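Working through the structure, step by step
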Amino acid sequence: MLDTTSKALKILLVADPGLPSRRAASIHKRLEKLLQEAYGVTTTLHTVTDTIRLTPERELALDAVDDLRSDYPDVNVVLILTEIPRHTQGDPLVAEVHSDRNLAVVSCPTLGAWATKRRIIKVMMSSVNKLIPWDPDEYTRRFLLRWSNWSNNENSDHQSLHAHTVTGGPRLILGMTMANEPWRTAPKLSGALAAASATGAFGIFYSSIWQMSTYLSTLRLLSIGAVAIIVMVSWLLVSHKLWDSPRKERLATVVMYYNLSTVLTLLVSVVALYAILVVLILFGSLVVIDPEFMGHQIQQKAAFTNYLDIAWLSAAMGVVAGGIGASFDSDVDVQRLTHGQRMRQRVYTDNSEKSEDVDKTS
């Protein structure tokens, strides 16, 4: 137990902009309360938002954190919450403790897409315990994750918390996808949205589409929708150069995670676009198309399922057209949605004079 009878405990939490900073703000009071309960002293938690930079070797630029520490000279521990996906020793790296710096780094994506607030608190409490030990019988077990384990070298100044191999990879990919915020993709794809909406709307006014959707089986309609989604995702990957290829063997696993999270982010975005188009076209067709007129065109009594089939087929056409329309959207805006591009920006910002030496996917 740390002897803090003569001073309060002060901790600085530095979070990346975006999702990590929002997570940090949401857990601030709870984390501060738990720390105070653990150590039994007045605890102050300072939260700061700042981009965590990378060196050209893709290592955390921890020296830059020391500059932030200078603004809070009395802090006992510095915690970093970053959106950088980290991976060492074949497993995702959840957290890293540097005892010589009184510093701990927690990777937000490695904690997955759900229950991240609770997991962040657990990992941060466990990390602080490594730096300033408390009674292990009373508190330590409360803040251990079942699917992760700390390195066994307790005497080292550097300890790591790795996720298990089997579950860690999928959890990291889902966490990276959440950090990419797929729901914010739409404003970046204005060309795709315009093309998809305009093309999909044709289905309301052309009877040939009504007839075709009527005679297509449910399985074939579902297959057409799936193909349309795959086409748009593939086109976005190719046209905006979102697929990274590793130039260095040691980064192959990390780049694989980048690519899988990018594909999943685009897939979620395109599926959402498809669903929105189906709803809008269905509503429009119910308003515009008279049931008797439709029955005359398709030579059978019009039912709600006929309207739904029209909306589904028209939305598939719209999604394919949206992929082509995406070619007119800015590459820079779309690429910023991916982890790979954001990681490269961390290096270029602090090391612009060296940027020409940093290849695209190193």
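Quick summary incoming for the structure in this document. Every value quoted in this text rests on a predicted model; they were computed, and no experiment measured them.

1. Describing the overall build of the protein chain
A count of helical and extended segments in the protein chain gives 12 helices and eight strands. Expressed as a percentage of the 362 residues in the protein chain, the buried residues total 52%. Summarising the internal contacts of the protein chain: among those between residues at least 6 apart in sequence, 77% fall at separations of at least 24. When the accessible surface of the protein chain is summed, it comes to about 17500 Å², and 57% of that surface belongs to carbon and sulfur atoms.

2. Considering the packing of aromatic side chains
To describe a pair of aromatic rings, you give the distance between the ring centres and the angle between the ring planes. A full pass over the atoms with the stated rule returns three aromatic pairs. With 5.7 Å between their ring centres and 55 degrees between their planes, Phe 202 and Tyr 206 make a pair best called tilted. Since its relative accessible area comes to 43%, Phe 202 is described here as partly exposed. Both rings, one in Trp 210 and one in Phe 293, keep their centres 5.7 Å apart while their planes meet at 90 degrees; by these two values the pair is edge-to-face. Separated by 83 residues along the polypeptide, Trp 210 in helix H6 (residues 207-215) and Phe 293 in helix H9 (residues 291-298) bring together distant segments of the chain. Judged by its relative accessible area of 3%, Trp 210 is buried.

3. Some words on the packing of helix H1 (residues 19-39) against helix H3 (residues 116-131)
Where H1 meets H3, the closest approach of the two axes is 10 Å, and the angle between their N-to-C directions is 40 degrees. Between H1 and H3, the angle is such that the two are oblique. The way H1 lies across H3 gives a crossing that is right-handed. Residues Arg 23, Ser 26, Ile 27, Arg 30, Leu 31, Leu 34, Leu 35, Ala 38 and Tyr 39 of H1 pack against Thr 116, Lys 117, Ile 120, Ile 121, Met 124, Met 125, Val 128 and Asn 129 of H3. A breakdown of the residues in the contact of H1 with H3 according to their chemical character gives 11 nonpolar, three polar and three charged.

4. Let's talk about the packing of H6 against H9
Between H6 and H9, the shortest axis-to-axis distance is 9 Å and the interhelical angle comes to 70 degrees. With respect to H9, the axis of H6 lies roughly perpendicular. The two elements H6 and H9 cross, and the hand of that crossing is right-handed. Contacts between H6 and H9 pair Ser 207, Trp 210, Gln 211, Thr 214 and Tyr 215 from the former with Phe 293, Met 294, Gln 297 and Ile 298 from the latter.

5. A word on the pairing of strand E3 (residues 77-82)
Most of E3 sits out of view: six of its six residues are buried. Pairing of E3 with strand E6 (residues 103-107), which is carried by five bridges, proceeds in the parallel orientation. By the bridge assignment, Thr 82 is partnered in E6 with Ser 107.

6. Comments concerning the pairing of strand E2 (residues 43-49)
Every other side chain in a regular strand lies on the same face of the sheet, so the side chains alternate between the two faces. Pairing of strand E1 (residues 9-15) with E2, which is carried by seven bridges, proceeds in the parallel orientation. Pairing of Leu 9 across the sheet is with Thr 43, part of E2. Each parallel crossover has a hand, and for E1 linked through H1 to E2 it is right-handed.

7. As for unusual backbone geometry
Phi at Asn 102 is positive, roughly 55 degrees, even though this residue is not glycine. Summarising the element assignment, Asn 102 is placed in the loop between strand E5 (91-98) and E6. Take Asn 102: its relative accessible area is 34%, and that puts it in the partly exposed class. Phi is positive for Gln 299, which is not a glycine, with a value near 60 degrees. The residue Gln 299 is located in the loop between H9 and helix H10 (304-325) in this model.

8. Thoughts on the nonpolar core
Residues Ile 11, Tyr 39, Leu 79, Leu 81, Met 124 and Met 125 are the most contacted members of the largest nonpolar core, which totals 36 residues. Among the secondary structure elements, those contributing two or more residues to this core are E1, H1, E3, E5, E6, H3 and strand E8 (158-163). Not counting chain neighbours up to four residues away, the residues in contact with Ile 11 comprise Leu 35, Thr 44, Leu 45, His 46, Val 75, Val 77, Leu 79 and Val 128. If you look at the next biggest cluster of nonpolar residues, it comprises 29 residues, including Ile 204, Met 232, Ile 281 and Val 319.

9. Some thoughts on the pattern of salt bridges
Two side chains carrying opposite charge are able to pair once their charged atoms lie near each other. Counted by the stated rule, this structure contains two salt bridges. Of the charged contacts in the structure, one is a salt bridge between Asp 74 and Lys 10, with a shortest N-O distance of 3.8 Å. You can see Asp 74 sitting in the loop between helix H2 (62-69) and E3 and its partner Lys 10 sitting in strand E1, a full 64 residues away along the chain. Overall, the relative accessible area of 52% leaves Asp 74 in the exposed class. For the salt bridge of Arg 86 with Glu 96, the shortest nitrogen-to-oxygen distance reads 2.7 Å. Of this pair, Arg 86 sits in the loop between E3 and strand E4 (87-88) while Glu 96 is found in strand E5, placing the two residues 10 residues apart along the sequence. Residue Glu 96 is classed as buried on the basis of its relative accessible area of 8%.

The rules behind the values
- Residues numbered from 1 in each chain as written.
- Predicted model: local features only at pLDDT ≥ 70, side-chain atom pairs only at ≥ 80, totals over all residues.
- Heavy atoms only, no water.
- Helix = DSSP H or I, 4+ residues; strand = E, 2+ residues; numbered from the N terminus.
- Buried < 20%, exposed > 50% of the residue type's maximum accessible area, 1.4 Å probe, protein only.
- Contact = heavy atoms within 4.5 Å.
- Areas by Shrake-Rupley, 256 points an atom, 1.4 Å probe, with all protein chains shown as cover.
- Phe/Tyr/Trp six-rings, centres within 6.5 Å; stacked < 30°, edge-to-face > 60°.
- Axes fitted to C-alpha atoms, helices over the stretch in contact; angles between N-to-C directions.
- Parallel < 35°, antiparallel > 145°, perpendicular 65-115°, else oblique.
- Left-handed = near helix turned anticlockwise from the far one by under 90°.
- Nonpolar A, V, L, I, M, F, W, Y, C, P; charged D, E, K, R; others polar.
- Pairing = 2+ DSSP bridges.
- Right-handed = clockwise from strand over helix to strand, strands pointing away.
- Core = buried A, V, L, I, M, F, W, Y, C linked by side-chain atoms within 4.5 Å.
- Salt bridge = Lys/Arg side-chain N within 4 Å of Asp/Glu carboxyl O.

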